[in-house]
Amino acid sequence: TEFVQVGELAKKLNVRAPEIIAKLMQMGVMATITQSIDAETATLLSAEYGCTVEVISLYEETLIQEESDEAADLVQRPPVVTIMGHVDHGKTKLLDALRETDVVATEAGGITQHIGAYQVTRPKGKITFLDTPGHAAFSAMRARGAQVTDIVVLVVAADDGVMPQTEEAISHAKDAKVPIIVAVNKIDKPSANIDRIKQDLAKFEILSEDWGGTTPFVPISALQKLNLDKLEDAILAQAEVMEVTANPKKRATGTVVEAKLDQGRGPVATILVRNGTLKIGDAFVVGLEGGKIRAMYNDRGQSVKEAGPATPVEILGLSGVPNSGDILNVMATEREAREIADKRQELARHQQAQQVKKVKLENFNETI
Ligand code: GTP
Ligand code: MG
């Protein structure tokens, strides 16, 4: 579909809208100021005012090219780790233990209802963790969680074994080609059977290193904080092999982990910075929204001025609430950010994504 809004056409032609509407009526086209007309009609009409019409892909105009990197600017960044596993196998408890805080205690019913993002600093380096909900209804969210992930930590309770959502997690990780580290949890329980877990997972071609495979299996107890250092070592060793790097010098790109409308603060979003450095005052576009970073908070709620690669931050200054999984791009200017957000909104209104073409006018009467 090729289209242009009557009001927009009038503005471009530098003619009052009622005049355009009248002209259209003479041509047998009935359209109000907010309605759109096709390229052919717009071409005929514009010719009367000495203007030519070019058809452009609106979708292409909303794409943003990430800045390129100088090899010398690439530095090691923290790995992004998603904790996956069956309900109640101890994902949140493990994150709590790793953060030495207690999210479980504050959660309603002890069930994770959202994707949280946290960063832990360890003697050997930083690790960014994404916690994912354990229920089947949220498997779509979890699938997305794997896409921003470098490494999946698969939590399997040693007293329970491989369950349906363990299998789901395995297929998500395999689809995303993300390496898996198995955390065999709850080894403090008398009924824990680590070998049975190894056996179960071998059926999915996840073979532990001591069985001749390549997957690290770390027996842990999130409850008793056993072997957490070994798990972290395994994560950082894997990250080292993968050479996870980023360029903190360029304009930031990020992914929306979660977003909501806050009563007092307006739209807020948790962003995982993927590359570059996000700073206060940066103009950005994120999905259909634009904005300028007004304030940023780290995963502990502390105000920060900037956030580098693989850092999760909550941001304020959005024009509206974006969707989870939307990409954030910092733009050179606020105007550019707003223009792209406007085009995306227009595109969304027409709901034809890639196929939508738009009429662009070259107005020769206009003095530049
Ligand atoms: P969902 O978010 O609902 O999918 O669950 P989850 O995987 O996050 O499990 P969670 O961390 O909430 O733990 C479930 C229960 O198992 C809680 O009662 C924990 O205290 C308990 N638990 C977690 N880790 C261990 C462990 O290492 N040993 C023992 N004995 N219990 C544990
Ligand atoms: Mg949980």
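Draft legend 1. Region of the structure containing the pattern of salt bridges. For the coordinates displayed, the defined rule picks out 15 salt bridges. Salt-bridge contacts for Lys292 lead to Glu334; the nearest nitrogen and oxygen are separated by 3.6 Å. One end of the pair, Lys292, is in strand β16 (residues 289-297); the other, Glu334, is in helix α10 (residues 334-350), with 42 residues separating them in the sequence. Judged by its relative accessible area of 40%, Glu334 falls in the partly exposed class. Between Glu339 and Arg335 there is a salt bridge, with the nearest N and O atoms lying 3.0 Å from each other. Residue Glu339 and its partner Arg335 are both found in helix α10; the two are separated by 4 residues, about one turn of the helix.

Draft legend 2. Spotlight on the pairing of β16. Sheet analysis places strand β15 (residues 283-286) next to β16, joined by 4 bridges and oriented antiparallel. Looking at the pairing, Ala283 lines up with Lys292 of β16. What sits between the antiparallel neighbours β15 and β16 is a turn of 2 residues, in which Gly287 has the positive phi angle 60°. Pairing between β16 and strand β19 (residues 312-318): 4 bridges, direction antiparallel.

Draft legend 3. Seen up close, helix α8 (residues 194-202). For α8, every residue scored as buried is listed here: Ile197, Lys198, Asp200 and Leu201. End-on view of α8: buried residues confined to an arc of 165°, all on one side of the axis. Lining the buried residues of α8 we find β8 (151-157), α7 (164-175), β9 (180-185) and β10 (217-219). Capping of α8 at its N-terminal end is provided by Asn193; its side-chain oxygen lies 3.3 Å from the backbone amide nitrogen of Asp195.

Draft legend 4. Representation of the nonpolar core within the structure. Core analysis: the biggest nonpolar cluster contains 25 residues, and Leu94, Phe129, Val153, Ile181, Leu231 and Ile235 have the highest contact counts within it. Counting only elements with at least two residues in this core, the list comes to β5 (80-85), α5 (91-99), β6 (116-122), β7 (125-131), β8, β9 and α9 (228-242). Here the element with the most residues in this core is α9; it accounts for 6 residues. Contact partners of Ile235, with chain neighbours within four places excluded, come to Pro79, Val81, Ile127, Phe129, Ile151, Val153 and Ile181.

Draft legend 5. Quick look at the packing of helix α1 (residues 6-13) against helix α2 (residues 17-26). In the contact formed by α1 and α2, the axes pass within 9 Å of each other and the chain directions differ by 115°. As far as their axial angle goes, α2 and α1 are roughly perpendicular. Here α1 and α2 pass one another in a crossing that is right-handed. Residue-level inspection shows Val6, Leu9, Ala10 and Leu13 of α1 in contact with α2, the latter providing Ala17, Ile20, Ile21 and Leu24. Its residues assigned to classes, the contact of α1 with α2 comprises 8 nonpolar, no polar and no charged.

Draft legend 6. Local environment of the packing of α5 against α9. Direction vectors running N to C along α5 and α9 enclose 90°, while the axes themselves pass 11 Å from each other. For the element pair α5 / α9, the angle class is roughly perpendicular. Packed against α5, whose contacting residues are Leu94, Ala97 and Leu98, the element α9 presents Leu228, Leu231 and Glu232 at the interface.

Draft legend 7. Region of interest: the side chain of Asn185. Relative to the assigned elements, Asn185 resides in strand β9. Among the polar contacts made by the side chain of Asn185, one reaches the main-chain carbonyl oxygen of His89 at a distance of 2.9 Å. Among residues more than four places away in sequence, those in contact with Asn185 are His89, Gly90, Val155, Val156, Ala157, Ala158, Ile220, Ser221 and Ala222.

Draft legend 8. Quick look at the confidence of the model for the protein. Per-residue confidence for the protein averages 86 on the pLDDT scale, and 86% of its residues sit at or above 70. For residues 134-138, every residue scores under 50 in pLDDT, and the model assigns this stretch 10 contacts once sequence neighbours within four places are set aside. Taken together, the stretch residues 363-368 has pLDDT below 50 and engages in 9 contacts with residues farther than four places along the chain or on a different chain. In the predicted assembly, ipTM is 0.98 and pTM is 0.79.

Draft legend 9. Summary view of the pairing of β19. Burial analysis of β19 places 7 of its 7 residues in the buried class, the great majority of the element. Pairing analysis gives 5 bridges linking strand β13 (residues 266-275) to β19, with the strands arranged antiparallel. Its bridge partner being in β19, Leu272 is matched across the sheet by Pro312.

Criteria and thresholds
- Starting afresh in each chain, residues are numbered from 1 along the sequence in its written order.
- To label them, take the chains in the order written and letter them from A, then take the ligands in the order written and number them from 1.
- Side-chain atom pairs in this predicted model are given and counted only at pLDDT of 80 or more, local residue features only at pLDDT of at least 70, and totals for whole chains, interfaces and linings cover all residues.
- As a rule here, side-chain values cover all heavy atoms of the structure and leave hydrogens and water aside.
- Counted as salt bridges are all cases of a side-chain nitrogen of Lys or Arg within 4 Å of a carboxyl oxygen of Asp or Glu.
- Secondary structure elements are defined from DSSP: runs of H or I of at least 4 residues count as helices, runs of E of at least 2 residues count as strands, and each element is numbered from the N terminus.
- Only protein chains enter the accessibility calculation, which uses a 1.4 Å probe; a residue whose area is less than 20% of its type maximum is buried, one above 50% is exposed, and one in between is partly exposed.
- In this description, strands pair whenever DSSP reports at least two bridges between them.
- The arc in question is formed by the directions pointing from the helix axis toward the C-beta atoms.
- What makes two residues a contact is simply this: any of their non-hydrogen atoms within 4.5 Å.
- Here a polar contact is taken to be a pair of N or O atoms separated by no more than 3.5 Å, where protein atoms must pair a possible hydrogen donor with a possible acceptor and residues adjacent in sequence count only if both atoms sit in side chains.
- In these notes, a set of buried Ala, Val, Leu, Ile, Met, Phe, Trp, Tyr and Cys residues joined through side-chain atoms within 4.5 Å is what counts as a nonpolar core.
- Axis definition: a line fitted to C-alpha atoms, over the contacting stretch in the case of helices. Angles run 0 to 180 degrees between N-to-C directions.
- Note that the term roughly parallel is reserved for angles under 35 degrees, roughly antiparallel for angles over 145, roughly perpendicular for angles of 65 to 115, and oblique for everything else.
- Here a crossing is taken to be left-handed if its near helix is turned anticlockwise relative to the far helix by less than a right angle, and right-handed if that turn runs clockwise.
- Think of it as three bins: nonpolar holds Ala, Val, Leu, Ile, Met, Phe, Trp, Tyr, Cys and Pro, charged holds Asp, Glu, Lys and Arg, and polar takes everything else, Gly as well.
- What pLDDT conveys is the predictor's confidence in a given residue, as a value from 0 to 100.

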